[in-house]
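Chain residues, written in single-letter form:
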Amino acid sequence: QVQLAESGGGLVQAGGSLRLSCAASGRTFSSYVMGWFRQAPGKEREFVAAVSRLGTITTYADSVKGRFTISRDNAKNTAYLQMNSLNPEDTAVYFCAASRNVGTIVRVSYEYDYWGQGTQVTVSP
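Residues numbered from 1 in each chain as written. Predicted model: local features only at pLDDT ≥ 70, side-chain atom pairs only at ≥ 80, totals over all residues. Heavy atoms only, no water.

Visitor: Any chance you could explain the nonpolar core here in plain terms?
Guide: In a soluble, globular protein the nonpolar side chains are often hidden away together inside. Core analysis: the largest hydrophobic core is formed by 38 residues, its most contacted members being Leu4, Met34, Trp36, Leu81, Met83 and Tyr94. Here Tyr94 is in contact with Glu6, Leu20, Trp36, Phe37, Arg38, Val48, Phe68, Leu81, Met83, Gly118, Thr119 and Val121, once residues within four sequence places are set aside. (Core = buried A, V, L, I, M, F, W, Y, C linked by side-chain atoms within 4.5 Å. Buried < 20%, exposed > 50% of the residue type's maximum accessible area, 1.4 Å probe, protein only. Contact = heavy atoms within 4.5 Å.)

Visitor: Would you explain the environment of Leu81 in this entry?
Guide: Topologically, Leu81 is positioned in strand β8 (residues 78-83). Accessibility expressed as a relative area gives 0% for Leu81, which makes it buried. The spatial distance from the C-alpha of Leu81 to the C-alpha of Ala92 is 14 Å, given a sequence separation of 11 residues. Discounting residues that sit within four places of it in the chain, Leu81 has contacts with Leu18, Arg19, Leu20, Trp36, Val48, Ala49, Phe68, Thr69, Ile70 and Tyr94. (Helix = DSSP H or I, 4+ residues; strand = E, 2+ residues; numbered from the N terminus.)

Visitor: Help me out: how do you make sense of the pattern of salt bridges in this one?
Guide: Once the charged atoms of two side chains with opposite charge are near each other, the side chains can pair. Applying the stated criterion across every chain, the model contains five salt bridges. Taking the shortest distance from any N to any O, the salt bridge between Arg38 and Glu46 comes out at 2.6 Å. Note that Arg38 and Asp90 form a salt bridge whose closest N and O atoms lie 2.9 Å from each other. Here the residue Arg38 occupies a position in strand β4 (residues 33-39), and Asp90 occupies one in the loop between β8 and β9 (92-99), the gap between them amounting to 52 residues. Accessibility classification places Arg38 together with Asp90 in one group, the buried group. Because the salt bridges share partners, they merge into one network encompassing Arg38, Glu46, Arg67 and Asp90. (Salt bridge = Lys/Arg side-chain N within 4 Å of Asp/Glu carboxyl O.)

Visitor: Any chance you could explain the packing of aromatic side chains here in plain terms?
Guide: Here a ring pair, both rings aromatic, is described through the centre-centre distance and the interplanar angle of the planes. Inspection of the entire model under this criterion finds five aromatic pairs. Between Phe37 and Tyr112, the aromatic rings sit 5.2 Å apart at their centres with planes inclined by 80 degrees, giving edge-to-face as the arrangement. With a gap of 75 residues between them, Phe37 in strand β4 and Tyr112 in the loop between β9 and β10 (114-115) connect regions that are remote in the sequence. Across this residue pair, the class does not change: Phe37 and Tyr112 are buried. Aromatic side chains Phe37 and Trp115 sit 5.0 Å apart centroid to centroid with 55 degrees between the ring planes, which places their arrangement in the tilted category. Of the two residues, Phe37 is situated in strand β4 and Trp115 in strand β10; the sequence distance between them amounts to 78 residues. The exposure class of Phe37 is buried, given its relative accessible area of 1%. Exposure remark for Trp115: the relative accessible area of 29% places this residue in the partly exposed category. An aromatic cluster of at least three residues, connected via ring pairs, comprises Phe37, Phe47, Tyr112 and Trp115. When the ring centre of Tyr80 is taken as origin, the NZ or CZ atom of Arg19, which lies over that ring, is 4.0 Å away. (Phe/Tyr/Trp six-rings, centres within 6.5 Å; stacked < 30°, edge-to-face > 60°. Lys NZ or Arg CZ within 6 Å of the ring centre and 35° of its normal.)

Written out as structure tokens, the structure reads:
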């Protein structure tokens, strides 16, 4: 089992940047595919990005491609989401998640087994 804790959210102006971190407990962090999701008020949770176990393969939602970068440091049991060129449509609660799925990369929320509590990101116009 793994416990996840996000940090790094906050208020930023449009065009700005934030870096989210997801710290994981346990000694098996590298065995999980890691993902980031977000949920805006009144909307369903949506996929943002995912990274493979070794960090060599990444995938992104079209809405963030070219602006966001997901990465991980297995030695630190931490996953990251670097967010650049933020706009108000990026405002949401951001969740990190860990998947035991045997696939190399996972984009769907139901394939993720563990979730953090979320961190709020607010982008002002």
